[in-house]
Amino acid sequence: MVQISDSELELLKIIWENEGRILFSELVSILHQRGSNWKNNTILTFLSRLTEKNILKVNKIGRRNEYVAKLTEKEYLENQTDDFIHNVYEGDVKGLISTLVDKNLISSKEIDELKDYWKHKKDNL
């Protein structure tokens, strides 16, 4: 999967929050409500890059542009996780989990929740 910048991801998150599609004017309004001081040309540049990367498509509605995500947030997170595990841990999921535990980045409660998740997942296979 192609890499996207933090700024591009910020726009994508807003699009996902709006059911995967948003008009440019609505996007600008939301950004300004959140305190962004990006100019329209900056926003258009990020949207153009996402379109070139085949992550967004643009629908023309009269003179307005609607930006539509070509993948869901879940798909994006899954792809990023796969890439991270492959590139950083060379596919060693146990290594990732060991790091989370050793660095106290995961709590005992979260470990218990994962155990329950795996138990239910295994029972449903």
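Criteria and cut-off values
Residues numbered from 1 in each chain as written. Predicted model: local features only at pLDDT ≥ 70, side-chain atom pairs only at ≥ 80, totals over all residues. Heavy atoms only, no water. 1 Å grid on protein atoms, 1.4 Å probe; cavity = no way out; pocket = protein on both sides within 12 Å on 5 of 7 lines; lining within 4 Å. Points joined across faces, edges and corners; volume = space filled by probe spheres on them. Helix = DSSP H or I, 4+ residues; strand = E, 2+ residues; numbered from the N terminus. Nonpolar A, V, L, I, M, F, W, Y, C, P; charged D, E, K, R; others polar. Expected span 1.5 Å × (residues − 1). Buried < 20%, exposed > 50% of the residue type's maximum accessible area, 1.4 Å probe, protein only. Contact = heavy atoms within 4.5 Å. Polar contact = N/O pair within 3.5 Å; in protein donor to acceptor, adjacent residues only side chain to side chain. Pairing = 2+ DSSP bridges. Axes fitted to C-alpha atoms, helices over the stretch in contact; angles between N-to-C directions. Salt bridge = Lys/Arg side-chain N within 4 Å of Asp/Glu carboxyl O.

1. A short note on the layout of surface pockets
Part 1: Counted as a void, the largest pocket has a volume near 320 Å³.
Part 2: Every residue lining the largest pocket is listed: I85, V93, L96, I97, L100, V101, I106, I111, L114, Y117 and W118.
Part 3: Elements represented by at least two residues in the lining of the largest pocket include exactly α5 (93-102) and α6 (108-123).
Part 4: For the lining of the largest pocket, the leading source of residues is α5, giving five residues.
Part 5: Here the residues of the lining of the largest pocket sort into 11 nonpolar, no polar and no charged.

2. Side note on helix α1 (residues 6-17)
Part 1: For α1, built from 12 residues, the straight-helix expectation of 16 Å at 1.5 Å per residue is met to within 8% by its first-to-last C-alpha distance of 16 Å.
Part 2: Buried residues of α1: E8, L9, L11, L12, I14, I15 and W16, and no others.
Part 3: Where α1 is buried, its residues meet β1 (21-23), α2 (24-33), α3 (40-52), β2 (56-61), β3 (64-69) and α4 (73-89).
Part 4: Residue E19 follows α1 closely and has a positive phi angle near 60°.

3. Considering the side chain of S36
Part 1: Note on placement: S36 falls in the loop between α2 and α3.
Part 2: A polar side-chain atom of S36 sits 3.2 Å from the main-chain amide nitrogen of W38.

4. Overview of unusual backbone geometry
Part 1: The residue E19 is not glycine, and still its phi comes out positive at about 60°.
Part 2: Of note, the phi angle at N54 is positive, near 65°, even though the residue is not glycine.
Part 3: With respect to the helices and strands, the residue N54 is situated in the loop between α3 and β2.

5. Points about the sheet that holds β3
Part 1: One open sheet holds the three strands; their spatial order is β1-β3-β2, and the pairing between them is antiparallel. For this open sheet the edge positions go to β1 and β2, each flanked by a neighbour on one side alone. Between one strand axis and the next, the sheet turns by 25° as a mean value, whatever way the strands run.
Part 2: Contacting β1, β2 and β3, α1 runs over the sheet at an angle of about 90° to β3.
Part 3: Against the sheet, α2 touches β1 and β3, its axis set at about 90° to β1.

6. With respect to the pattern of salt bridges
Part 1: If you walk through the whole model with that rule in mind, you get six salt bridges.
Part 2: Here R21 and E66 are joined by a salt bridge, their closest N and O atoms 3.2 Å apart. Taken together, the residues R21 in strand β1 and E66 in strand β3 connect sequence positions 45 residues apart.
Part 3: With relative accessibility at 39%, the residue R21 sits in the partly exposed group.
Part 4: With its nearest N and O atoms 2.6 Å apart, the salt bridge here joins K74 to E78. With K74 and E78 both in helix α4, this residue pair falls four residues apart, about one helical turn.
Part 5: Residue K74 is classed as exposed on the basis of its relative accessible area, which comes to 57%.

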